[in-house]
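Survey of secondary and tertiary structure
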Amino acid sequence: MKILAFGASNGKTSINKTLAQFTAQLVPNAEIEVLDLSDYDLPIFSEDLEKEIGKPQSAKAFFNKIGEADAVIASFAEHNGSYSAAYKNLFDWASRIDQKVFQGKPTIFLSTSPGPGGAGSVLASAKGSARFFGVDLKAAVSVANFHDVFDAETGRITEPNALAALTAAAEALALQEVA
């Protein structure tokens, strides 16, 4: 099973990218590709700009990466209660290629933050709109207090409840492979 994992942020040291990659590693026998959204630099979306330049290659490349995967793990950074500007802009461009950006792929949505909210607001927003964008949502998990529950030395989530929730989410994707 080829899994595409990304943190919905353009931070080079994104904890959401770390969480997405960790969770992907919980799927048995997975081939994992981790995207860095900073590799998908795009101008700010507007219909006027779209008329002028068409669909940018970076948006097409992101859309195609999803299409090539068997499953997707996206972990959402929360910026002021919503999506990061980098993700929202990339997503907006990709949705102009096809509104079903996730192309029916089995998907896990995650979120994390350094604080107790675990980026729950953005996760709720992503879950609420998933059906409009071709997401076959298998699980959604918020992990609070990331720096307290993630051991940077071992690269593992150490808090039992968070680890159990992420493992169950990974198992939901693994079941796709045998179905």
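Details of the structure are given in the entry above.
Digging into the environment of Gly-120
Structurally, Gly-120 can be placed in helix 5 (residues 120-129). By relative accessible area, which is 31% here, Gly-120 ends up partly exposed. Considering only alpha carbons, one finds Gly-120 and Val-143, 23 residues apart in sequence, at a separation of 8.5 Å. Not counting residues within four places of it along the chain, the set of residues in contact with Gly-120 comprises Glu-78, Ser-111 and Ser-142.

Looking at unusual backbone geometry
For Asn-80, which is not glycine, the phi dihedral falls at a positive 55°. Along the chain, the position of Asn-80 falls in the loop between strand 3 (71-76) and helix 4 (85-97). With a relative accessible area of 85%, Asn-80 lands in the exposed category.

Thoughts on the pattern of salt bridges
Applying the stated rule across the entire model yields 9 salt bridges. Note that Asp-136 and Lys-138 form a salt bridge whose closest N and O atoms lie 3.2 Å from each other. Asp-136 sits in the partly exposed class, given a relative accessible area of 27%. Salt bridges sharing common partners tie together Glu-47, Glu-50, Lys-55 and Arg-96.

Observations regarding the pairing of strand 3
Working note: regular strand, side chains alternate between the two faces of the sheet. The element strand 3 is largely enclosed, with a buried count of 6 among its 6 residues. Of the two faces of strand 3, both are covered, the one formed by Ala-71, Ile-73 and Ser-75 as well as the one formed by Val-72, Ala-74 and Phe-76. Bridging between strand 1 (residues 2-8) and strand 3 involves 6 bridges; their strand directions are parallel. Residue pairing across strands places Ile-3 opposite Ala-71, the latter belonging to strand 3. In this structure, strand 3 lies alongside strand 4 (residues 106-112), joined through 5 bridges in parallel fashion. When the sheet's bridge partners are listed, Val-72 is paired in strand 4 with Thr-107.

Details of helix 1 (residues 15-25)
Along helix 1, 8 of the 11 residues are buried, which leaves the element largely enclosed by surrounding structure. For helix 1, the set of buried residues is Ile-15, Asn-16, Lys-17, Leu-19, Ala-20, Phe-22, Thr-23 and Ala-24. Capping the start of helix 1, Ser-14 holds a side-chain oxygen 3.1 Å from the backbone nitrogen of Asn-16, two or three residues further along.

Analysis parameters
- Residues numbered from 1 in each chain as written.
- Predicted model: local features only at pLDDT ≥ 70, side-chain atom pairs only at ≥ 80, totals over all residues.
- Heavy atoms only, no water.
- Helix = DSSP H or I, 4+ residues; strand = E, 2+ residues; numbered from the N terminus.
- Buried < 20%, exposed > 50% of the residue type's maximum accessible area, 1.4 Å probe, protein only.
- Contact = heavy atoms within 4.5 Å.
- Salt bridge = Lys/Arg side-chain N within 4 Å of Asp/Glu carboxyl O.
- Pairing = 2+ DSSP bridges.
- Polar contact = N/O pair within 3.5 Å; in protein donor to acceptor, adjacent residues only side chain to side chain.

Taken by themselves, the reported measurements are silent on function.
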